[in-house]
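Single-letter residue listing:
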Amino acid sequence: MRFRHPDGTTVHLAYCTNVHPAETLDGVLAQLRDHCEPVRRRLGRDRLGIGLWLAKDAAHALDTDPAALRGLRAALDRRGLEVVTLNGFPYEGFGAEQVKYRVYRPDWADPERLEHTTALARVLTGLLPDDLTEGSVSTLPLGWRTTWTDARADAAHAALLTLAERLDALADLTGRSVRVGLEPEPGCIVETTGDALAPLTAVGHPRIGVCVDTCHLATSFEDPHTALDALAAARVPVVKSQLSAALHAEHPRLPAVREALAAFDEPRFLHQTRTVGDTGRLHGTDDLGQALTGDALPDTSPWRAHFHVPLHAAPAAPLTSTLPVLKDALTRLVGGPHPLTRHLEVETYTWQALPPALRPRGRAQLADGIAAELALARDLLTDLGLKELP
């Protein structure tokens, strides 16, 4: 979906396909048929943007076989779909029964991460619509904190410098610019937007910036305006933003709230949980189950958990979502005189991880839910003065 900002800039809205597990190119093509095109039809649009997730094997197949890449591009065109952004964070196995810490491997100290991200950038130049010359890729925020060392930090810095050189060369070769954004996430070396400033200013390249995920932003209790102002002051570009909402518990001390939170403690994904203590210090656990055990977290202030809940359907009381944080961030991102980013991506990958009563039953209900999220995001953008384009 495309929107015209009052300054004339085109802003793109997509939804991320990591909600649909697929490891191979055949699986990606099936996604377009079984999920993406039905969502487009529900929205009554001739064209729908998708933020494509390409696992290692699918990305390799497209990068090494020009005919396969042309075939995917033809399938997108045939089904009324377009791609301007890729999700390069999960490397493989995102549809496994248990993902948890595996999603952070390989990290940016591992050569495989550089090669995979380079392949994604090359593939994206072949998928961009004919009238566009700019794409984006979101990626792992360096690595998980407990495995990090000075030597790994040095290796990651060198890898990002090499990536910047490769992106420059790719732009010279194709006439298309791809930018890559580190996606701050709780528990990682780059947990917050503030943590991104030092490594990205050290790289100092306009094609390497930040992907602002509004669920992660909220989980870490970052103020959107403060965070985005700091990025702007440091001249760190917002390559893209993922529109998502975290799980919010206002009174975690109450037994009824604990019981409601426990329903979201599931075995597949990691649900980092955070709270701000009496001194203003951020406290956290790696997973929601850990937070619910004993006194692992202070419980006199609200808790937020890294669980991407549907944008249009907040959890039932006594829980809610951080949709207000998303709205504040979006106001700053695209509500000003000029947009801070041109690529927006709804990313609720946890539909099948919701408590059983809230999960969609079958493809049709999932398509209904994704379409409803996109409709809400569309309304937020038009309320900010953007005009939806055909």
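It should be emphasised that the depicted structure is a prediction, and the values quoted were computed from it without experimental measurement.

Criteria and thresholds
Residues numbered from 1 in each chain as written. Predicted model: local features only at pLDDT ≥ 70, side-chain atom pairs only at ≥ 80, totals over all residues. Heavy atoms only, no water. 1 Å grid on protein atoms, 1.4 Å probe; cavity = no way out; pocket = protein on both sides within 12 Å on 5 of 7 lines; lining within 4 Å. Points joined across faces, edges and corners; volume = space filled by probe spheres on them. Nonpolar A, V, L, I, M, F, W, Y, C, P; charged D, E, K, R; others polar. Phe/Tyr/Trp six-rings, centres within 6.5 Å; stacked < 30°, edge-to-face > 60°. Helix = DSSP H or I, 4+ residues; strand = E, 2+ residues; numbered from the N terminus. Buried < 20%, exposed > 50% of the residue type's maximum accessible area, 1.4 Å probe, protein only. Pairing = 2+ DSSP bridges. Axes fitted to C-alpha atoms, helices over the stretch in contact; angles between N-to-C directions. Core = buried A, V, L, I, M, F, W, Y, C linked by side-chain atoms within 4.5 Å. Contact = heavy atoms within 4.5 Å. Disulfide = S-S within 2.5 Å. Parallel < 35°, antiparallel > 145°, perpendicular 65-115°, else oblique.

Any chance you could explain empty space enclosed by the protein here in plain terms?
Once rolled over the atoms, a probe with the size of a water molecule shows which space is left empty. Applying the stated rule across the entire model yields four cavities of 30 Å³ or more. What lines the largest cavity is a set of 17 residues, among which Phe94, Val103, Glu185, His306 and Tyr349 lie closest to the centre. Taken as a whole, the second largest cavity holds about 40 Å³ of empty space. Residue lining of the second largest cavity: Pro184, Glu191, Thr192, Thr193, Cys211, Val212, Asp213, His216, Leu217 and Glu222, and that is the complete set. Residue composition of the lining of the second largest cavity, grouped by class: four nonpolar, three polar and three charged.

How do you make sense of the packing of aromatic side chains when you look at a structure like this?
For any pair of aromatic rings, the description rests on two quantities: the centre-to-centre distance and the angle between the ring planes. Summed over all chains, the structure comprises eight aromatic pairs. Geometrically, the ring pair formed by Phe94 and Phe269 is tilted, given 5.2 Å between the ring centres and 45 degrees between the ring planes. Taken as a pair, Phe94 in the loop between β4 (81-87) and α4 (111-127) and Phe269 in the loop between α9 (255-262) and β10 (273-276) lie far apart in primary sequence, 175 residues in all. Phe94 sits in the buried class, given a relative accessible area of 6%. Among the aromatic side chains, those forming a connected cluster through ring pairs are Trp53, Phe94, Phe269 and Tyr349.

Just to check I follow, could you spell out the sheet that holds strand β11 (residues 282-285) for this structure?
The strands that make up a sheet are held in pairs by hydrogen bonds between backbone atoms, and each pair lies either parallel or antiparallel. Read from one edge to the other, the open sheet built from five strands follows the order β11-β10-β12-β9-β13, with strand pairing classed as antiparallel. Two strands lie at the open edges of the sheet, namely β11 and β13 (319-321), each paired on one side alone. Recorded for the sheet is a direction-independent mean angle of 30 degrees between the axes of neighbouring strands. Strand direction decides the pairing type here: β10 and strand β12 (residues 303-309), joined by three bridges, are antiparallel. Directly across from Arg274, in β12, lies its bridge partner Arg304.

Would you take a moment to explain the nonpolar core for this structure?
Leu13, Tyr15, Leu54, Trp108 and Leu374 are the most contacted members of the largest nonpolar core, which has 120 residues in total. It is helix α12 (residues 363-383) that provides the largest number of residues to this core, a total of ten residues. Beyond its immediate chain neighbours, meaning those up to four positions away, Leu54 contacts Val28, Ala59, Leu62, Leu86, Asn87, His116, Leu120 and Val123.

Honestly, the pairing of strand β7 (residues 208-213) in this entry has me stumped. Any pointers?
For a regular strand, side chains alternate in direction, first toward one face of the sheet and then toward the other. Summarising burial for β7: six of the six residues are buried, a large majority. When β7 meets strand β8 (residues 238-243), the two strands line up parallel, connected through four bridges. Paired with Val212 across the two strands is Ser241, which belongs to β8.

Explanation requested: the state of the cysteines in the structure shown.
Joining two cysteines, a disulfide is a covalent bond between their sulfur atoms. Counting across every chain of the model gives zero disulfides. Unpaired in terms of disulfides, Cys36 finds its nearest cysteine sulfur in Cys16, a separation of 9.9 Å.

Can you walk me through the packing of helix α2 (residues 56-64) against helix α3 (residues 66-78) in this structure?
When two helices pack together, their arrangement is given by the angle between the helix axes and the distance between those axes. Where α2 meets α3, the closest approach of the two axes is 5 Å, and the angle between their N-to-C directions is 110 degrees. Taken as axis vectors, α2 and α3 run roughly perpendicular relative to one another. Along the contact surface, α2 presents Ala61, Leu62 and Thr64, while α3 presents Pro66, Ala68, Leu69 and Leu72. Split by residue class, the contact of α2 with α3 holds six nonpolar, one polar and no charged.

Everything listed is a geometric property; what it means functionally is a separate question.
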